[in-house]
Amino acid sequence: MAVLATGFSALACAQQVLTVYVADNLPPKMFGGKDGKPTGFMTELTDAIVRKAGYRPDFVVRPWAVAVKSAAEGTGLITNLSKNPEREKIFVYSDSIYEDRVQIVSLKKSRIEENSLADLKGKRVGMLRGVSYGAAFEQALPGVSAEFDEGSEQRVRRLISQRIDAAIISGGFASVRYNAELAGVPIVNFKVHDTPLAIDSNHIAIAKTRPDAAAVIEKLNAAIAAVKADGTAKKILSGWE
């Protein structure tokens, strides 16, 4: 009977559904596909991790700021979350699942050479609403004229029309190229600055108020190590390069 009870317990854990919030407009990392279903390399990677941990993910697509707020209220997990002091008061974080190159992008003809947010003081800088790339980013943010939007494609369009002087885009060069293609703008028009604004560690996070937070993160951390070791993570990421 003890063995049978253990079997039922394991099955219940395997079937537990975890709501996971993802952004609606951060291609190619996370976005809603043509069929409305969540897609992108961070969504695929998170799906593999959550399933490896023994849970069944239920992805919910939201604007990024709304996704962060919903996760903070304890209604689900969030993926792709960076750390900053305020968030660390609210969330328990998994180990890193992705090291993101956050790039400054400008028009080639503008001859902007800056490689940090502080260097862009006084310029109009487009960035995602609700985004944070760590303490240094937060300290430099008041010095720029930040213009927030809901996605990188929109930011590329505003940059080519010179409504902003520079754009902050996460996901490395692949993300800049992908969003330029979506916007129908040749990548040759843009300068992707050599020095990244940040190497941003991305995590899965869960609100500290949830009683299962520690247990969920422990299982996710074991799963993260597994998908990195068996090549699953590398295969997913290379498929979007």
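Above this text is the structure in question.
All values derive from a computational prediction rather than experimental measurement.

Rules used in this analysis
Residues numbered from 1 in each chain as written. Predicted model: local features only at pLDDT ≥ 70, side-chain atom pairs only at ≥ 80, totals over all residues. Heavy atoms only, no water. Helix = DSSP H or I, 4+ residues; strand = E, 2+ residues; numbered from the N terminus. Rg over C-alpha atoms; globule rule 2.2 N^0.38 Å. Buried < 20%, exposed > 50% of the residue type's maximum accessible area, 1.4 Å probe, protein only. Contact = heavy atoms within 4.5 Å. Areas by Shrake-Rupley, 256 points an atom, 1.4 Å probe, with all protein chains shown as cover. Lys, Arg positive; Asp, Glu negative; His and termini not counted. Charge placed at Lys NZ, Arg CZ, Asp CG, Glu CD. Phe/Tyr/Trp six-rings, centres within 6.5 Å; stacked < 30°, edge-to-face > 60°.

Peer 1: Looking at this model, I keep getting lost on the overall build of the protein chain. Mind explaining?
Peer 2: Assigned secondary structure in the protein chain consists of nine helices and 13 strands. For a compact globule of 241 residues, the expected C-alpha radius of gyration is about 18 Å, and the protein chain comes in at 19 Å, within 12% of that figure. Split into buried and exposed, the 241 residues of the protein chain put 48% on the buried side. Across the protein chain, every contact between residues at least 6 apart in sequence was considered, and the portion connecting residues at least 24 apart equals 70%. Summed over its atoms, the accessible surface of the protein chain is roughly 11,400 Å², and 54% of this surface lies on carbon and sulfur atoms. Across the protein chain, the mean location of the 31 positive side-chain charges is 2 Å away from that of the 27 negative side-chain charges.

Peer 1: Any chance you could explain the packing of aromatic side chains here in plain terms?
Peer 2: The description of two aromatic rings rests on the distance between their centres and on the angle between their planes. Tallying each qualifying case throughout the model produces five aromatic pairs. Taking the centre distance of 6.1 Å and the plane angle of 55 degrees together, the rings of Phe-31 and Tyr-178 count as tilted. With a gap of 147 residues between them, Phe-31 in strand S3 (residues 30-32) and Tyr-178 in helix H7 (residues 172-183) connect regions that are remote in the sequence. The buried category is assigned to Phe-31, whose relative accessible area is 12%. We classify Tyr-178 as partly exposed; its relative accessible area is 25%.

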